[in-house]
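Architecture and fold: a report
One-letter residues, chain by chain:
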Amino acid sequence: MHDIKWIRENPTAFEAAMSRRKLSGTAEKAILLDKARRDHVAGLQELQTQRNEASKAIGKAKASGDEAAAQAAIANVAKIKQAVQDGEEIERKLTDELNDFLLELPNIMFDDVPDGADEDDNVETHRVGTPPKFDFEPKQHFDIGEALGQMDFEAAAKMSGSRFVVLKKDLAQLERALANFMLDLHTQDYGREEVVVPLLVNANALIGTNQLPKFEADMFKTTDGKYLISTSEVSLTNLVRETTMPEADLPKRYTSYSNCFRSEAGSAGRDTRGMIRQHQFSKVEMVSIVHPDKSEAEQMLMLEAAEEVLKRLGLAYRVVKLCSGDTGFGAKRTFDIEVWLPGQNQYREISSVSTCGDFQARRMNSRFKPTEGKGAQYVHTLNGSGLAIGRTIVAILENYQTKDGSVIVPEILQSYMGGKTLIKAT
RNA sequence: GGAGAGGUGGCCGAGUGGUCGAAGGCGCACGCUUGGAAAGCGUGUAGGCGGUUUUCCCGUCUCGUGGGUUCGAAUCCCAUCCUCUCCUCCA
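Worth saying up front: this structure is predicted, and the values here are computed from it rather than measured.

1. What about the protein's contact with RNA strand B?
Around RNA strand B sit 21 residues, and of these Arg-38, Arg-51, Ile-58, Lys-81 and Arg-92 come closest. Put simply, 68% of the atoms of RNA strand B that lie within 4 Å of the protein are in sugar or phosphate. The contact in question runs from a base nitrogen of RNA strand B to an N or O atom on the side chain of Gln-45, over 3.0 Å. Take the surface near RNA strand B: its biggest share by element is 13 residues, from helix H3 (residues 26–63).

2. Describing the sheet that holds strand E15 (residues 377–378)
Spatial strand order, E8-E14-E15: three strands in an open sheet with mixed pairing. The open sheet terminates on both sides in strands that have one partner only, identified here as strand E8 (243–246) and E15. In the sheet, E8 pairs with strand E14 (residues 366–369) via four bridges, with the strands oriented parallel. Each residue of the ladder has a partner; that of Thr-243, found in E14, is Ser-366.

3. A word on helix H10 (residues 295–313)
Across its 19 residues, H10 extends 27 Å between first and last C-alpha, which sits within 8% of the 27 Å expected from 1.5 Å per residue. Residues of H10 that are buried: Ser-295, Glu-298, Gln-299, Met-302, Leu-303, Ala-305, Ala-306, Glu-307, Glu-308, Val-309, Leu-310 and Leu-313. One or two steps after H10, the chain reaches Gly-314, where phi turns positive at roughly 70°.

4. Comments concerning the layout of surface pockets
The calculated volume of the second largest pocket comes to roughly 280 Å³. Every residue lining the second largest pocket is counted, 16 residues in all, and those nearest its centre are Val-165, Leu-167, Glu-175, Gln-280 and Phe-281. For the lining of the second largest pocket, the elements supplying multiple residues, two or more each, are helix H6 (153–160), strand E3 (166–167), helix H7 (169–189) and strand E10 (280–290). Grouping the constituent residues of the lining of the second largest pocket by class yields nine nonpolar, six polar and one charged.

Each value, and the rule that gives it
- Residues numbered from 1 in each chain as written.
- Chains lettered and ligands numbered in written order.
- Predicted model: local features only at pLDDT ≥ 70, side-chain atom pairs only at ≥ 80, totals over all residues.
- Heavy atoms only, no water.
- Near = heavy atom within 4 Å.
- Polar contact = N/O pair within 3.5 Å; in protein donor to acceptor, adjacent residues only side chain to side chain.
- Helix = DSSP H or I, 4+ residues; strand = E, 2+ residues; numbered from the N terminus.
- Pairing = 2+ DSSP bridges.
- Expected span 1.5 Å × (residues − 1).
- Buried < 20%, exposed > 50% of the residue type's maximum accessible area, 1.4 Å probe, protein only.
- 1 Å grid on protein atoms, 1.4 Å probe; cavity = no way out; pocket = protein on both sides within 12 Å on 5 of 7 lines; lining within 4 Å.
- Points joined across faces, edges and corners; volume = space filled by probe spheres on them.
- Nonpolar A, V, L, I, M, F, W, Y, C, P; charged D, E, K, R; others polar.

Structural data, given as structure tokens:
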């Protein structure tokens, strides 16, 4: 959410920032709504002042036993009453209108975010690793998994519908191994605090991390009005909602392994086969809560940590800086990591590392008290996948496949797989 | 799920319709005291919004949250969330 005061004082800059998001007239509308509200509040407060003074006079008269004066004052103030009540109702309405409008405006992107329409305009920053060469035609992960008899889309479809999968045996263990490996890396090498989070959250939490109000269609909602998280960014970031912490508590670095649930509304027909796009998938997430001066460096550190996961798994990848058209609603800047998939013969997103500035902090009311000086400031929040586990399984299957349909277990995972070195085709 | 109790400032805690944004205590800050420290004494110590100005000040809203009653609500009513106790159920 944006600071209305800032919009008021920098309408041109704000309008320019929103135009990069393909929006126009936002500053004008926000200022209009704000002006209407403030003009109204000024008048309302005048009425409230009158009422309060009159009421105090009544109190005084009663206290001194002057009943006649009290009755006269009561008659006097009764006239104001209705006007105050009506005014309060209008104030609520005007405040809601302004807030509802602001909640639907996306974050301001950094200047270094390249202009562009969609993912084709993203800018590659670097590549790491060499895609493996095969002396046979590499298969896609679902063919490998199904041939192994350890990946079952049919069974999942019978009980849950499309976009679900059942993993068995070594692939089930691989999921668990990956989670442990990633969590160990983030906690031991990057000082993150491991957290187990709620998967079901209320609407306010989702407003905080900007899934709501705009993207409700992407969420699964329960019958009692809660939502399944689409990423544990939601739960991790909301750990600091409605708090004011001492500056010394920053940075807070969290990591969590959780399942994620997405309705995938609007992505019908895309990635319909395989595990790339599922309604339920698991992910190890990183979230950082930092001092505003530190968020720039933090994003680089987070990106480095996510890359380290791929490096240790021996997977080739590239990093792209998302262009304006591909940068998410709440982000000021996002780097995606795309892993090489031999079966698809292309790089596919496996991690996304975003910095949000104080955008989410305002929505959540998360602040810190500076050690020096007074007042409270909004924290900065960042989130990144480290990594999406389903897609990591996909990448391992495709990159480490052998001609006979077996899959080599990456060295770093062997100790997490009970010493297993090969997922063997039977 | 059933029955009951409760949510007040950084913390504890008083306040059941009238100058209450809120006694008292703790904590914290500053000052006095001291060779220094402790104790003691004094002063100060919530936030949001708006106005003015950005040193001072004024208004308004906020006693879990949202409504309502009333000239006036921390105090009364309704709804809701959360916490605790007992019962029930349960991995």
